[in-house]
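# Results of the structural survey
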Amino acid sequence: MDYQETIMGIIVNGGNARSKSMEAISEAKEGNYDQARKKIDEAAQDLAKAHRVQTDLIQGEARGENTDVTLLMVHAQDHLMNAMTVKDMASEFIALYEKNDESR
């Protein structure tokens, strides 16, 4: 796989994780907590895929392989960090919606 395809793996999996996290919030808002948790689990799997790609790039650089820091790489890293944040926030939203329903 070439460098750009590798970077696209981070972007695609990060984007998928972010989308699934947002879907999880929507499910929780409707009271579908099992479905919301399923979406969070799917998002975690996508993030793990993206993180593996990132780790491979970091390990390659540590071995002395030249890694160009391109705008696409910066975008990929931004995408991944954003997806991680959205997933964490989605988990909090689910807990909040669930707690709110329990107190009624």
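Relevant structure appears above.
Residues numbered from 1 in each chain as written. Predicted model: local features only at pLDDT ≥ 70, side-chain atom pairs only at ≥ 80, totals over all residues. Heavy atoms only, no water.

### Re the overall build of the protein
The cut-off we apply is this: Helix and strand labels come from DSSP, where a helix needs a run of H or I of at least four residues and a strand needs a run of E of at least two; each type is numbered from the N terminus. The size measure is the radius of gyration over C-alpha atoms, and the globule rule it meets is 2.2 Å times the number of residues to the 0.38 power. Buried means the residue's accessible area, taken with a 1.4 Å probe over protein chains only, is under 20% of the maximum for its type, while exposed means over 50%, and partly exposed covers the values in between. Note on areas: Shrake-Rupley, 1.4 Å probe, and residue coverage restricted to the protein chains presented here. Here the positive residues are Lys and Arg and the negative ones are Asp and Glu; neither His nor the chain ends is included. To locate a charge, take atom NZ for lysine, CZ for arginine, CG for aspartate or CD for glutamate.
The helix and strand inventory of the protein stands at three helices and zero strands. When the elements of the protein are put in sequence order from the N terminus, they spell out α-α-α. Against the globule reference of 13 Å for 104 residues, the protein gives a C-alpha radius of gyration of 16 Å, more extended than a compact globule. In terms of overall dimensions, the protein has C-alpha extents of about 60 × 20 × 20 Å along its principal axes. The 104 residues of the protein split such that 33% are buried. Of the accessible surface of the protein, which amounts to about 6700 Å², a share of 52% is contributed by carbon and sulfur atoms. Distance between charge centres in the protein, computed from 12 positive and 19 negative side chains, equals 5 Å.

### A few points about the nonpolar core
Convention followed: Among buried residues, those of type Ala, Val, Leu, Ile, Met, Phe, Trp, Tyr and Cys that are joined through side-chain atoms within 4.5 Å constitute a nonpolar core.
Core analysis: the biggest nonpolar cluster contains 13 residues, and Ile7, Ile10, Ala17, Leu47, Ala76 and Leu80 have the highest contact counts within it. Those elements that place two or more of their residues in this core are helix H1 (3-29), helix H2 (33-62) and helix H3 (71-102). The element contributing the most residues to this core is H2, with five residues. Of all hydrophobic cores here, the second largest spans eight residues; its members include Ala24, Ile25, Tyr33 and Ile94.

### Some remarks on the packing of H1 against H3
For the record, the criterion: A fitted line through C-alpha atoms represents every axis, and for helices the fit uses only the stretch in contact; the resulting angles, taken between N-to-C directions, go from 0 to 180 degrees. Any angle from 65 to 115 degrees is called roughly perpendicular, while one under 35 is roughly parallel, one over 145 is roughly antiparallel, and all others are oblique. For any pair of crossing helices, the crossing counts as left-handed if the nearer helix is rotated counterclockwise from the farther one by less than a right angle, and right-handed if it is rotated clockwise. As a working rule, the residues Ala, Val, Leu, Ile, Met, Phe, Trp, Tyr, Cys and Pro are called nonpolar, Asp, Glu, Lys and Arg charged, and the rest polar, with Gly in that last group.
At their nearest, the axes of H1 and H3 sit 8 Å apart, and the two run at 20° to each other. Accordingly, the angle class assigned to the pair H1 and H3 is roughly parallel. The two elements H1 and H3 cross, and the hand of that crossing is left-handed. Taken together, the residues that form the contact of H1 with H3 break down as 20 nonpolar, eight polar and three charged.

### A short note on the packing of aromatic side chains
Note the threshold: Pairing of aromatic side chains requires ring centres within 6.5 Å, counting the rings of Phe and Tyr and the six-membered ring of Trp. Pairs whose planes differ by under 30 degrees are stacked, by over 60 edge-to-face, and all others tilted.
Scanning all chains against the criterion turns up one aromatic pair. Here the aromatic rings of Phe93 and Tyr97 are separated by 6.3 Å at their centres, their planes lie at 35°, and the arrangement is tilted. Here the residue Phe93 and the residue Tyr97 both occupy positions in helix H3, the gap between them amounting to four residues, near one helical turn. Residue classification places Phe93 among the partly exposed residues on the basis of a relative accessible area of 33%.

### A closer look at H2
Note the following rule: By this rule, a helix spans an expected 1.5 Å times one less than how many residues it contains. Between two residues, a contact is recorded if the distance between any of their heavy atoms is within 4.5 Å.
Compared with an ideal rise of 1.5 Å per residue, which puts 30 residues at 44 Å, H2 spans 42 Å between its outermost C-alpha atoms and is within 8% of the ideal. Of the positions making up H2, those classed as buried are Tyr33, Ala36, Lys39, Ile40, Ala43, Asp46, Leu47, Ala50, Val53, Gln54, Leu57 and Gly60. Those residues of H2 hidden inside the fold are in contact with H1 and H3. Positioned one or two residues after H2, Gly64 has a phi angle of 100°, which is positive.

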